[in-house]
Amino acid sequence: MKVKPIPADRLPALLRAMPKAELHMHIEGSLEPELIFALAERNRMTFPYPDVASLRSAYVFENLQSFLDLYHAGTQVLRTEQDFYDMTQAYLARAHADNVLHAEIFFDTQTHTAHGVDAGVVIRGLHRACADAATQYGMSASLILCFLRHLSEQEAFECLEQALPFRDMLVGIGLASSEVGHPPEKFARVFARCRELGFRLVAHAGEEGPPAYIWSALDVLKVERIDHGVQAMHDAALMRRLAAERIPLTVCPLSNLKLCVFPRLQDHNLGRLLDAGILATVNSDDPAYFGGYINENFTQTFAALGLSAQQAWQLADNSFTASFITPERRRACTDRLQETFERFQ
Ligand code: HPA
Ligand code: ZN
């Protein structure tokens, strides 16, 4: 769609109103401090921070690992199927308020099985919340199980085995956690098995790690989408390939800012990725920790980079193109996108 320029002061309202898909968010990263304390109390656990304010004030990170350490502490309060349901329900309500029509939710089971929680408890809780959001909000939501890359390939195989009884509740497989030192090829065999099983495949690559990790996620793991991928900027041949093959990047600007991938939001390369013809999308990653849900990612990044209404349309349209929804659902979503833009023209 060719979009006419709109006055700068109307752009934030358009960004908030436009229908969108969210393709990169870790459900455990949507756990707000208030819910952490409520779940700790419900499960009669003590949490190593005295209150919400002191926990929130600890959300200052130097890099991915410093975040993952705190993120892991928050996951300890999740024990029952209802806990997983409540966390997911809270995210979906928040996403619905941001006009997210479709969400593909990352989760992992390895964190929770290490705490003695069964994989089935996790998956059933998440799935039930997704099903209820469909009824309540008309949203679609599906689940992507991420292997933790700091753990071994053998452990990823065990994780897959435990998830297979719930195969019908999962759309895909991803790869998350500490990137540097854990290249995609470490998981070549388990991803090959997932591909045989018919899972859609994605992987985090090029968040902090080098462009070589993006190449191997594509060529060795054979993923369809790259999560983050912003380091592709340092490899011209890779940039050309991503554009030519229309490989989506699920970009998370406020995450990149909070984890010091870019020093300032004005330095973010989202605009350059779009100018290079790459199918980029905007996402929140871990919204409770990084200072904003998807609409905050849109409004702050557009303000910092001076992006246009045409680029807003492109990013929203890309989110539906890059998603794993059916062609019918995609058409329904893009029709609503068009209607919203027509209202603002
Ligand atoms: N990168 C890798 N693993 C993660 C992230 C991330 O941004 N968030 C939650 N797990
Ligand atoms: Zn992520």
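Everything below is about the structure printed above this text.
Residues numbered from 1 in each chain as written. Chains lettered and ligands numbered in written order. Predicted model: local features only at pLDDT ≥ 70, side-chain atom pairs only at ≥ 80, totals over all residues. Heavy atoms only, no water.

(A) Main features of the overall build of the protein chain. Of regular secondary structure, the protein chain possesses 17 helices and eight strands. With respect to the principal axes defined by its C-alpha atoms, the protein chain has extents near 55 × 40 × 40 Å. Contacts spanning at least 24 positions in sequence make up 77% of the contacts within the protein chain whose residues lie at least 6 apart. In the protein chain, 32 side chains carry a positive charge and 42 a negative one; their mean positions are 6 Å apart. (Helix = DSSP H or I, 4+ residues; strand = E, 2+ residues; numbered from the N terminus. Contact = heavy atoms within 4.5 Å. Lys, Arg positive; Asp, Glu negative; His and termini not counted. Charge placed at Lys NZ, Arg CZ, Asp CG, Glu CD.)

(B) Just the packing of aromatic side chains, in detail. Enumeration according to the criterion identifies 12 aromatic pairs in this entry. Measuring from centroid to centroid gives 5.6 Å for F37 and F47, while their planes differ by 75°, and the two rings are edge-to-face. Of this pair, F37 sits in helix α2 (residues 33-42) while F47 sits in the loop between α2 and α3 (52-57); the two residues are 10 residues apart in sequence, bridging distant segments of the chain. One exposure class covers both F37 and F47, and it is buried. Measuring from ring centre to ring centre gives 5.5 Å for F61 and F67, while their planes differ by 80°; the resulting arrangement is edge-to-face. Here F61 matches F67 in class, with each residue buried. Here the aromatic cluster, defined as three or more aromatic residues joined through ring pairs, consists of Y59, F61, F67, Y71, Y289 and F290. Above the plane of the ring of Y293 lies R94, whose end atom (NZ or CZ) is 4.5 Å from the centre. Its end group placed over the ring of F199, R167 keeps NZ or CZ at 3.8 Å from the ring centre. (Phe/Tyr/Trp six-rings, centres within 6.5 Å; stacked < 30°, edge-to-face > 60°. Buried < 20%, exposed > 50% of the residue type's maximum accessible area, 1.4 Å probe, protein only. Lys NZ or Arg CZ within 6 Å of the ring centre and 35° of its normal.)

(C) Structural view of the nonpolar core. Ranked by size, the top nonpolar core spans 111 residues in total, and within it L92, F147 and F191 carry the most contacts. Setting aside its immediate chain neighbours within four residues, F191 contacts F147, I173, G174, L175, L201, V202, L221 and V223. Of all hydrophobic cores here, the second largest spans six residues; its members include F106, I144, A176 and F324. (Core = buried A, V, L, I, M, F, W, Y, C linked by side-chain atoms within 4.5 Å.)

(D) Inspection of helix α7 (residues 119-137) at higher detail. In a regular helix each residue adds 1.5 Å, so 19 residues correspond to 27 Å; α7 covers 27 Å between its end C-alpha atoms and thus fits that length. For α7, the complete set of buried residues consists of A119, G120, V121, V122, I123, G125, L126, A129, C130 and A133. At its buried positions, α7 is contacted by α5 (81-97), β2 (100-107), α6 (110-113), β3 (140-148) and α8 (153-163). Positive phi appears at G138, one or two residues downstream of α7, with a value of about 70°. (Expected span 1.5 Å × (residues − 1).)

(E) Molecular detail of the packing of helix α10 (residues 211-219) against helix α11 (residues 236-244). With their axes 10 Å apart at the nearest point, α10 and α11 run at an angle of 35° to one another. Like other packed secondary-structure pairs, α10 and α11 cross with a definite hand, here left-handed. Counting all contacts with α10, which are made through P211, I214, W215, L218 and D219, the residues of α11 involved are A237, L238, R241 and L242. In terms of residue class, the contact of α10 with α11 is built from seven nonpolar, no polar and two charged. (Axes fitted to C-alpha atoms, helices over the stretch in contact; angles between N-to-C directions. Left-handed = near helix turned anticlockwise from the far one by under 90°. Nonpolar A, V, L, I, M, F, W, Y, C, P; charged D, E, K, R; others polar.)

(F) Looking closely at the coordination of the zinc ion (ligand 2). Coordination sphere of the zinc ion (ligand 2), protein contribution only: H24 (NE2), H26 (NE2), H204 (NE2) and D285 (OD), at 2.0 to 2.3 Å. Note that the zinc ion (ligand 2) binds four donor atoms; their angles at the metal cover 80 to 172°, and the shape is irregular. Each donor residue of the zinc ion (ligand 2) lies on the same chain, and together they follow the pattern H-x1-H-x177-H-x80-D. One end of the pair, H24, is in strand β1 (residues 20-26); the other, H204, is in strand β5 (residues 200-205), with 180 residues separating them in the sequence. Exposure remark for H24: the relative accessible area of 0% places this residue in the buried category. (Donors = N, O, S within 2.8 Å, 3.2 Å for Na, K, Ca; no water. Tetrahedral: all angles 85-135°; square planar, octahedral: opposite > 155°, others 65-115°.)

(G) Inspection of the pairing of strand β4 (residues 172-176) at higher detail. Among the five residues of β4, five are classified as buried, and the element is accordingly described as predominantly covered. Covered by surrounding structure in β4 are G172, G174 and A176 together with I173 and L175, the residues of both alternating faces. In the sheet, β3 pairs with β4 via five bridges, with the strands oriented parallel. If you follow F147 over to β4, its bridge partner there is L175. For the crossover that starts at β3, traverses α8 and ends in the parallel β4, the hand is right-handed. (Pairing = 2+ DSSP bridges. Right-handed = clockwise from strand over helix to strand, strands pointing away.)

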